[in-house]
Structure formats: structure tokens, C-alpha cells
Amino acid sequence: MQLSIDLTGREVLVTGSDQAARQAVRRYQAAGAVVSRLSSPQGGPFDGLPERPFLVAAVDDGQPGWKNFLDRCRAAGIPVAAEPAAGAPGQVTLVGGGPGTSELLTVAATKALRDADVVFYDRLAPYQELPSLTSAKLVDVGKKPGHHKVSQGDIEKLMVESAVAGNNVVRLKGGDPYVFGRGGEEVAACVAAGVKVRVISGVTSAISVPAAAGIPVTHREVSHMFTVVSGHAPLTAKEHEHLAGLGGTIVVLMGIGTLHQLAAGLSRAGMRPDMPMAVVERGYRPGQRTTIADLGTIASAAAGCSNPAVLVIGEVVRVAEANRGHAGAAADLDRLAASLLGS
Ligand code: SAH
């Protein structure tokens, strides 16, 4: 159950050790409450407090003795809210943020964000919604292709230094941390520095962004495989041949800049010019747009397309088109995407 109460100017007593209560204190302060603290369960119920609190926020810090104190509060008619203890200090959690809407964050991601002291986030992660998910300090280390706001090495340095300084650090990345996300490098940097690190998988754009346009990456009797490719740099002739030869769905991330080379390379490798192709821009975000063409026409059809976008090449693109024609299930996907956007 979740209750929303306006705490502006209200006296809230946060109980629990300083370490365990540090984030609850920030959350209540951010909500406008006047926070007082009790870090150990000794003493009378409201000793030393200016007045009887409106609410007691009880952080579970594992100390014995709180139950007695909290029972006295309840007996006095003061509501007691249970609060989780802060995340362990001095560690890093790499969090997959999904394709850009907080609706597609995992439960583990939401919890890690709530428990963080500092969040280093990318521009592809659902960063606009962060203030409602965490009271952590938010640091934008977003990178645009070619415009590295903060270099990869500096991101790793910042993360490690922050954890060594005693923070519970979250590194929030777009999609899944291990899909073209340099997650492996960030884990290695933590390990090299002796900092505890864990990874929370996220919903990758490679699957979810096509889905936002109604495209299933596999479909029975249409495609029984999908290959996820980075378009960051042009592929070699051999790679084009292998891809064309597989006969399955091809999903390309970071592919807008090399779209011409890809279409030309796959054609040279023998792919049919009428192979359907889709460009899905800004999945799950305002301005989501799908451009459908075929291998022969995509380069001109997608001339106005920009990043972030996912390219899909394969017969599965037709499944989306066919399903859209029916009043049935897949036609609801656009409505789902719209509802996820809150429109
Ligand atoms: N780790 C990420 C991918 C990082 S590479 C993941 O698993 O999704 C960045 C690329 O992801 C972008 O260039 C784009 O191709 C794709 N991408 C991420 N979010 C997207 C979105 N909301 N809409 C369209 N493409 C997206």
C-alpha cells in the first residue's frame, strides 16, 4: 500500500543509526518535512524534541530495542512508518535503466535507485524521472555521439572515488548495461580499485524499441533468430555477408550514422532489395516515430531520422504492419506505448 501525505512543515522523527537513516533523512527533508533524529532507542519517547512529532519514520537498522520505543509512540497515537535502511556504503551498482521510461525499470533498479547516495546517469536512461525515484545526488555524465560530456575513463574514476568516499553509488545506464553499454569496463574498473560492484540487468532497447513499434524480433515461421549489431562503425564486407546469409532478423543500435553503408553492404551481399526495414526513433518517449521502407529505399526514406534509433531489418517488420491492420492484439501496442508515455 502506498499513501501520499503532504509533509510540508511537518515534524518528522527519523529513528535509526546515522548510517542506516541517512537516506530516509534526505527523503523526508526533500518532501518538506522538519526532520529530527533519534539514533539509538534509549530514553523517553520524545526526550529532547521540540514537540510531539506528526510522524515517526522508523528505519530498520537492526539495533535491538526499537520495538519498545515504537510501541510507545503508537500507544501515544503517533503514526509509525517503516523505512528501509540505506544501501551499504562504499559500493557501486550498475543499473540497466531500460529504454527511457521509468515504467520499464525493474523492481531491483527502482530499489537500487531509492537506496543510492549518488547516481551517475546517461542521457538514454530515464533521467527525467529520477527526482521522484531517489533523493540521491544526481550527476549527468551523459554522452552524445562525438560529444563526450565526461570521458569513459573519467566516469569510471568518478564512480570509484565516490564509492571509496563511502557512498552507495548507482551508475544508471540506458537499456541493459552489458549491451553496447561499456558495463564490462565499468565493472573491471571497480574490481581493479577493490570496490564492491554488482550489475542489475535492464530492458534492452534492442528488443523493447522494436516492440514499441509493434515489431516482434522473432515470430513463428517468420524468423527464429535475431542478431544485435552495433552500427557505431561501418561493418566489413565479410560481416555484411554473414548477416545477409543468416536469414534472420537484424537489429542495429547506433546505426543512423552508418545506415547508408549498411544498406549498400547488405545489398552487395545479396540481400533482396524488397527486404522490409524499419527505423524506430525515440522509443517510449515523446516524438516516438517509426519509418518503414525496404532495403532499397531506406537510405532516402530515413534521411530525416536521428538518434536515438533502432533499425530492424527482416520479415518481422511485416508482422507489425499486418497486425496493425487488424483490430487485434498488436494494434494495441501503439496504445500501450502511448500509455507508457502518459499521454
Ligand atoms: N545499453 C543500451 C544500448 C546503448 S547504445 C541498451 O541495451 O539499450 C545506444 C543506442 O541504443 C542508441 O544509439 C539507440 O540505437 C539505442 N536506443 C537506446 N534507447 C533508445 C530509445 N529509447 N529509442 C531508440 N533507440 C534507443
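Our subject is the structure that appears above.
What you see is a predicted model; the values in this text were computed from it and never measured.

A few words now on the overall build of the chain. Secondary structure summary: the chain contains twelve helices and 16 strands in total. With respect to the three principal axes, the spread of C-alpha positions in the chain is 80 × 50 × 30 Å. Looking at the 343 residues of the chain, the share that counts as buried comes to 45%. Taking all contacts inside the chain whose residues are at least 6 apart in sequence as the whole, residues at least 24 apart take part in 66%. For the chain, the accessible surface area stands at approximately 16,500 Å², while carbon and sulfur atoms represent 55% of it. Considering the chain, the positive charge centre built from 32 side chains and the negative charge centre built from 31 side chains are found 1 Å apart.

The subject of this paragraph is unusual backbone geometry. Following Asn307, the chain continues to Pro308 via a peptide bond in cis, the omega torsion being -5°. Relative to the helices and strands, Pro308 is located in the loop between helix H10 (298–301) and strand S16 (309–313). With phi around 50°, Phe180 is a residue other than glycine that occupies positive phi space. Following the sequence through the fold, Phe180 ends up in the loop between strand S10 (168–173) and helix H6 (183–192). Despite not being glycine, Met254 has its phi angle at roughly 55°, a positive value. In this fold, Met254 is placed in the loop between strand S13 (249–253) and helix H9 (259–268).

With that out of the way, let us pick up the environment of Thr110. With respect to the secondary-structure elements, Thr110 resides in helix H3 (residues 107–114). Thr110 sits 24 residues away from Thr134 along the chain, and the two C-alpha atoms are 8.6 Å apart. The residues contacting Thr110, other than those within four sequence positions of it, are Leu105 and Leu133.

Attention now moves to the packing of aromatic side chains. Taken as a whole, this structure holds two aromatic pairs when the rule is applied. Between Trp66 and Phe69, the aromatic rings sit 6.0 Å apart at their centres with planes inclined by 75°, giving edge-to-face as the arrangement. A residue pair is termed a helical-turn pair when its members lie 3 or 4 positions apart in one helix, as Trp66 and Phe69 do in helix H2 (residues 66–75) at three residues. Considered together, Trp66 and Phe69 belong to a single accessibility category, that of buried residues. Plain terms: the ring middles of Tyr121 and Tyr127 are 5.5 Å apart, the flat faces sit at 15° to each other, and that makes the pair stacked. Just above the ring of Phe54 sits the side chain of Arg10; from NZ or CZ to the centre is 4.1 Å.

Those residues of H3 that fall on the buried side of the exposure criterion are Ala109, Ala112 and Leu113. Across the axial projection of H3, the buried residues extend over an arc of 100°, all falling on one side. Looking at the buried positions of H3, the neighbouring elements they touch are strand S5 (91–96), strand S6 (118–121), helix H4 (130–133), S10 and strand S11 (196–200).

Our focus in this paragraph is the nonpolar core. If you look at the biggest cluster of nonpolar residues, it comprises 23 residues, and the most contacted ones within it are Leu266 and Ile313. Every element with two or more residues in this core is listed here: helix H8 (237–246), S13, H9, strand S14 (276–281) and S16. Looking at this core, the element that brings in the most residues is H9, giving four residues. In contact with Leu266, other than residues within four places in its own chain, are His240, Leu243, Ala244, Ile250, Met271, Leu295 and Ile313. Val95, Ala109, Leu113 and Leu133 belong to the second largest nonpolar core, which has 15 residues in total.

Our next topic: the sheet that holds strand S1 (residues 11–15). Overall, parallel pairing links the four strands, which are arranged S2-S1-S3-S4 in an open sheet. Every interior strand has two partners, whereas the edge strands, strand S2 (34–38) and strand S4 (80–83), have only one. Taking each pair of neighbouring strands and ignoring which way they run, the sheet shows an average axis angle of 25°. Where H2 meets the sheet, its contacts fall on S1, S2, strand S3 (55–59) and S4, and the angle it forms with S1 comes to roughly 160°.

Residues in contact with the ligand amount to 19 residues; listed here are only the nearest, Pro99, Val179, Thr204, Ser205 and Ala309. At a separation of 2.6 Å, a nitrogen atom of the ligand approaches a polar backbone atom of Val179. Between an oxygen atom of the ligand and a side-chain N or O atom of Ser205, the distance comes to 2.7 Å. For the ligand, the accessible surface in isolation is 550 Å², of which the surrounding protein chains cover 95%.

The rules behind these values
Residues numbered from 1 in each chain as written. Predicted model: local features only at pLDDT ≥ 70, side-chain atom pairs only at ≥ 80, totals over all residues. Heavy atoms only, no water. Helix = DSSP H or I, 4+ residues; strand = E, 2+ residues; numbered from the N terminus. Buried < 20%, exposed > 50% of the residue type's maximum accessible area, 1.4 Å probe, protein only. Contact = heavy atoms within 4.5 Å. Areas by Shrake-Rupley, 256 points an atom, 1.4 Å probe, with all protein chains shown as cover. Lys, Arg positive; Asp, Glu negative; His and termini not counted. Charge placed at Lys NZ, Arg CZ, Asp CG, Glu CD. Phe/Tyr/Trp six-rings, centres within 6.5 Å; stacked < 30°, edge-to-face > 60°. Lys NZ or Arg CZ within 6 Å of the ring centre and 35° of its normal. Arc of directions from axis to C-beta. Core = buried A, V, L, I, M, F, W, Y, C linked by side-chain atoms within 4.5 Å. Pairing = 2+ DSSP bridges. Axes fitted to C-alpha atoms, helices over the stretch in contact; angles between N-to-C directions. Near = heavy atom within 4 Å. Polar contact = N/O pair within 3.5 Å; in protein donor to acceptor, adjacent residues only side chain to side chain.

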